[in-house]
Amino acid sequence: GLIMKVAITGATGFLGRYLVSYLLDNLYDVLIITRGEERAKEYLPAGVNVYVTDYSFESLCEGLKEVETIIHLAAQTMQRDSDPFRVSQFFAVNITMTENLLLAAKQVGVQKVCQMSSNSVYSSENKIPFNEKDNPIPATIYGVSKVYAEKLGEYFSYKSEVKVISLRLARLFGYGERSSVVFTKYMNLANDGKLLEVWGEGKTRIEYLYVKDAVVAIENAVRMDIPNGIYNVGVNRSYSVLEIAKSVNIITGNTDNLIIDKSKLEGGYHILMDSEKFYRATNWRPQWTLEEAITDMYGYYKKEYGE
C-alpha cells in the first residue's frame, strides 16, 4: 500500500521510543511532534522528522498538514506527590493538549486520531474482567482525566470527520521503563544475586502488556479500518507479583532466591480487562508470553550492564 504519514506525540517516552522504531521499520512516514527538540535528538533515530510546537491550535495546524493519522501518546501520569482529588493538575497535558490536537485535526483534515488511554479508568468498583460497556469508575484521579479525553474523542468522532480510537492499554512493561517498576526492580536485584521480596500472599494480580506487543497493537489500530471508539488492549490474563518474581529469578539464574514477607501488607486488588472487542476488530493477539518477554528484557539488560 501507500506510505502513511503519521504524527506522534510523546515519542520520546518509554512506549514512544519502541513505537517510532517499529513504524520506521514498517516504512511509515513518521513525524515527531514535540516541545523538546534536544530530547528528541537524544532518544530517537537520526534523520527522523521533528516538528517543534508549543501545542497551541495554530502551531498544530501548521505542523499537521498532510498528516493522515495522529498517534497521541503524550500524557501526564500519577506521581508520588499528585493530589488524589485534584483533576486540574492533569488539564494542561491530558485535556487541553488533546483538545488542541483534535481541533487541529478537524481543521486540517487529519482522518484518524489514535489516543492512548489506560486501564486506570477502571477500578475494583468495576466487575472483573473490565468491559468497555461498563461505566468506568477510575482507580485514580489520572484515570478521571483519561475518561475525559476518551469522551472528547467520542464527541469528535460523532460531530466531525475525525475518527478517534482510544486504546485502554494494560499496564506496560519492558526494557527502558522507570526503574521503580516491579520488573526492572526485580531484574536489578536478581542480576546482583540478591534476595527478591514479595509482600503479603502475592494475591494482588495485575494485567501486564509487553511494550513490543503494545506497539503492534497500536500499528494495527492505525492501519486497519476499525470502528472508532474505545478498546481494551491487553492479554486477557493477569499476573501476581509472586509469578513475576519467580520468572525473573529463573531467567536470570537467581535460583529460589526469594522470600515471601506476610507481615507486609499488599493491596490485594485485581486488574484484568476483557480485550475480545479489540481482538475481533483487528486480529491482533499478544505474541509474547511472560517468560519470553522477561527473557527479551534480560537480553537488553545484559547488553547494557555486561555479563
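Now for a description of the structure that goes with this document. Here, residues in each chain are numbered from 1, in the same order as that chain's written sequence. With pLDDT at 70 or above as the cut-off, local features in this predicted model cover only qualifying residues; side-chain atom pairs require 80 or more to be listed or tallied, and sums for whole chains, interfaces and linings still use all residues. Water and hydrogen atoms were dropped before computing side-chain values, which therefore reflect all heavy atoms in the structure.

Quick look at the packing of helix α6 (residues 182–191) against helix α10 (residues 290–305)
Okay, step 1: Running from N to C, α6 and α10 point in directions that differ by 60°, and their axes come no closer than 12 Å. Regarding the angle of α6 to α10, the classification is oblique. Handedness of the crossing formed by α6 with α10: right-handed. Two secondary-structure elements touch here, α6 through F183, T184, M187, N188 and N191 and α10 through L290, I294, M297, Y298 and Y301.
Okay, step 2: For the contact of α6 with α10, the per-class residue count stands at 7 nonpolar, 3 polar and no charged. Every angle, taken between N-to-C directions, lies between 0 and 180 degrees, and every axis is a line fitted to C-alpha atoms, over only the stretch in contact when it is a helix. Only DSSP runs of H or I with at least four residues qualify as helices, and only runs of E with at least two residues qualify as strands; both kinds are numbered from the N terminus onward. Any angle that falls under 35 degrees is termed roughly parallel, while one over 145 is termed roughly antiparallel, one within 65 to 115 roughly perpendicular, and all others oblique. Crossing handedness follows the turn of the near helix against the far one: under a right angle anticlockwise gives a left-handed crossing, and clockwise gives a right-handed one. Residue contacts follow a heavy-atom distance rule, with two residues in contact if any of their heavy atoms lie within 4.5 Å. Each residue is assigned to one of three groups, with Ala, Val, Leu, Ile, Met, Phe, Trp, Tyr, Cys and Pro labelled nonpolar, Asp, Glu, Lys and Arg labelled charged, and all others, Gly among them, labelled polar.

What about helix α1 (residues 14–25)?
Okay, step 1: Multiply 1.5 Å by the residue count of a helix minus one, and that product is the helix's expected span. In a regular helix each residue adds 1.5 Å, so 12 residues correspond to 16 Å; α1 covers 18 Å between its end C-alpha atoms and thus fits that length.
Okay, step 2: The buried label goes to any residue with under 20% of its type's maximum accessible area, the exposed label to any with over 50%, and the partly exposed label to all in between, with areas taken from a 1.4 Å probe on protein chains only. Listing the buried residues of α1 in full gives F14, L15, G16, Y18, L19, V20 and L23.
Okay, step 3: Once α1 ends, the next one or two residues include L27, with phi positive near 65°.

Comments concerning the packing of aromatic side chains
Okay, step 1: Working definition: a ring pair exists when centres of Phe, Tyr or Trp rings (six-membered ring for Trp) sit within 6.5 Å. Plane angles under 30 degrees give stacked, over 60 give edge-to-face, the rest tilted. Here the structure, examined in full by the defined rule, presents 13 aromatic pairs.
Okay, step 2: On the basis of an interplanar angle of 20° and a centroid distance of 4.7 Å, the ring pair of Y122 and F130 is categorised as stacked. You'll find Y122 and F130 in the same group, each marked buried.
Okay, step 3: A ring is considered to have a charge above it if a Lys NZ or an Arg CZ atom is located within 6 Å of its centre and within 35 degrees of its normal. A cation over a ring is seen here: K277 above Y231, with NZ or CZ 4.6 Å from the ring centre.

Points about unusual backbone geometry
Okay, step 1: Look at the link from I128 to P129: it is a cis peptide, with omega at -10°.
Okay, step 2: Locating P129 in the fold gives a position in the loop between β5 (112–118) and α5 (141–159).
Okay, step 3: With phi around 65°, Y55 is a residue other than glycine that occupies positive phi space.
Okay, step 4: With respect to the helices, strands and loops of the structure, Y55 is situated in the loop between β3 (49–52) and α3 (57–63).
Okay, step 5: Overall, Y55 belongs to the buried group, its relative accessible area being 6%.
Okay, step 6: One non-glycine residue with positive phi stands out, namely N283, at about 70°.

A look at helix α7 (residues 211–223)
Okay, step 1: Spanning 13 residues, α7 covers 18 Å between terminal C-alpha atoms, matching the ideal 18 Å at 1.5 Å per step.
Okay, step 2: When you tally the buried positions in α7, you get 10 out of 13 residues, the bulk of the element.
Okay, step 3: Every buried residue of α7 is listed here: V211, D213, A214, V215, A217, I218, E219, N220, A221 and V222.

A few points about the pattern of salt bridges
Okay, step 1: A side-chain nitrogen of Lys or Arg and a carboxyl oxygen of Asp or Glu constitute a salt bridge if their distance falls within 4 Å. Counted according to the given criterion, the structure contains 13 salt bridges.
Okay, step 2: In this structure, D225 and K163 form a salt bridge, with 2.6 Å as the shortest nitrogen-oxygen distance. Placement of D225 in the loop between α7 and β11 (229–233) and of K163 in strand β6 (residues 163–169) is noted, with a sequence separation of 62 residues between them.
Okay, step 3: With relative accessibility at 69%, the residue D225 sits in the exposed group.
Okay, step 4: The salt bridge involving K212 is made with D296; its shortest N-O contact spans 2.9 Å. Here D296 lies in helix α10 and K212 lies in helix α7, a separation of 84 residues in the sequence.
Okay, step 5: Residues joined in a network through salt bridges with shared partners are E197, D261 and K264.

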